[in-house]
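# A structural walkthrough
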Amino acid sequence: MSVTAVKTERPASTHPLSPMEIVETAIPEDERVWVPQAANVWFRPLMFNTLNGGWCNLLRVRKSGVLSRHLHPAPVHGFVLKGQWRYLEHDWIATEGSYVFEPPGETHTLVVDEDCAEMITFFNIAGCMYYVDEQGNSTGFEDVFAKIDMCRAHYTEVGLGAEYVDQFIR
Ligand SMILES: [Fe+2]
């Protein structure tokens with residue numbers, strides 16, 4: 001397990017059972033920190049919550065990128081840092097500075113159109129990403145542990161080491 005879970009010098013104001021805080025430059029300078037998700041789609045881990053089953057990450061999609069159709073069984077909160085995107089199933093567009101709440105039960109397909117070179121959005125995701133086909137049939141899912149495994153495999157491949165992800169796990 002990560003050294004980040006080990007108590008070292010902590011302020012007196014911090015409860016001894018409190019996990020370590022995480023402070024990160026959200027948009028990394030090292031390109032290798034971005035984990036490939038699909039063609040033209042990457043995620044950058046920020047916090048993996050293994051106790052309530054959820055995670056926070058940045059999603060980056062470059063033009064013509066599509067995130068597979070998926071259902072959320074639990075709520076998602078998003079904040080657009082850069083660019084814009086939309087869901088095929090809705091008629092609104094999330095633009096830079098937009099806050100988006102995705103309620104449980106929502107199924108959608110995220111797309112970034114040709115006129116947007118790149119979008120980056122912060123997402124706080126509870127539960128899992130439940131991927132579905134056109135008929136709504138399950139094609140797989142990703143929970144916090146699947147996301148951690150994806151990071152471990154990628155960080156091993158790019159030379160950061162599997163344990164690089166440990167700093168984001170609580
Ligand atoms: Fe979603």
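Heads up: these notes are all about the structure in this document. (Residues numbered from 1 in each chain as written. Predicted model: local features only at pLDDT ≥ 70, side-chain atom pairs only at ≥ 80, totals over all residues.)

This part is about the overall build of the protein. Scanning the protein from N- to C-terminus turns up 1 helix and 12 strands. Overall, the protein shows an N-to-C arrangement of helices and strands of β-β-β-β-β-β-β-β-β-β-β-β-α. Against the 2.2 N^0.38 benchmark of 15 Å for 170 residues, the protein shows a C-alpha radius of gyration of 17 Å, consistent with a compact globule. For the C-alpha atoms alone, the extent of the protein along its principal axes is close to 50 × 30 × 30 Å. The buried share of the protein, taken over its 170 residues, is 22%. Partitioning the contacts of the protein with sequence separation of at least 6, the portion at a separation of at least 24 is 63%. (Helix = DSSP H or I, 4+ residues; strand = E, 2+ residues; numbered from the N terminus. Rg over C-alpha atoms; globule rule 2.2 N^0.38 Å. Buried ≥ 20, exposed ≤ 12 C-beta atoms within 10 Å, placed from the backbone. Contact = placed C-beta atoms within 7 Å.)

Reading across the sheet, the 6 strands line up as β1-β2-β3-β10-β5-β8 and stay open at both edges, with antiparallel pairing between neighbours. In this open sheet, the two edge strands, each paired with only one partner strand, are β1 (35-38) and β8 (99-102). When the angles between neighbouring strand axes are averaged without regard to direction, this sheet yields 30°. The pairing of strand β5 (residues 76-82) with β8 spans 4 bridges and is classified as antiparallel. Looking across to β8, one finds that V76 is bridged to E102. Sheet strands in contact with helix α1 (residues 144-157) are β1, β2 (41-49) and β3 (54-62), and its direction is about 120° off that of β2. (Pairing = 2+ DSSP bridges. Axes fitted to C-alpha atoms, helices over the stretch in contact; angles between N-to-C directions.)

With that out of the way, let us pick up the environment of A39. Along the chain, the position of A39 falls in the loop between β1 and β2. When the C-alpha atoms of A39 and L67 are compared, they prove to be 8.7 Å apart, with 28 residues separating the residues in sequence.

This paragraph deals with unusual backbone geometry. Here N40, not a glycine, exhibits a phi torsion of approximately 65°, which is positive. Along the polypeptide, N40 turns up in the loop between β1 and β2. Here N40 falls in the partly exposed class, since 16 other C-beta atoms lie within 10 Å of it. One non-glycine residue, S64, adopts positive backbone phi at about 70°. Structurally, the position occupied by S64 is in the loop between β3 and β4 (66-71).

Attention now goes to the nonpolar core. F43, F48, V61, W85, V112, M119 and V165 are the most contacted members of the largest nonpolar core, which totals 25 residues. Secondary structure elements with two or more residues in this core: β2, β3, β10 (118-126) and α1. When residues of this core are assigned to their parent elements, the largest contribution, 4 residues, is made by β3. With residues up to four places along the chain from it excluded, the contact list for F43 reads V35, Q37, N57, L58 and L59. (Core = buried A, V, L, I, M, F, W, Y, C linked by C-beta atoms within 7 Å.)

Moving on to the sheet that holds strand β12 (residues 138-142). One open sheet accounts for 6 strands, arranged β7-β6-β9-β4-β11-β12; its pairing is antiparallel. Each edge of the open sheet carries a strand with a single partner, namely β7 (93-94) and β12. Two strands pair when backbone bridges link them, and strand β6 (residues 85-87) and β7 are joined in this way by 2 bridges, in the antiparallel orientation. Counterpart to R86 in the pairing with β7 is I93.

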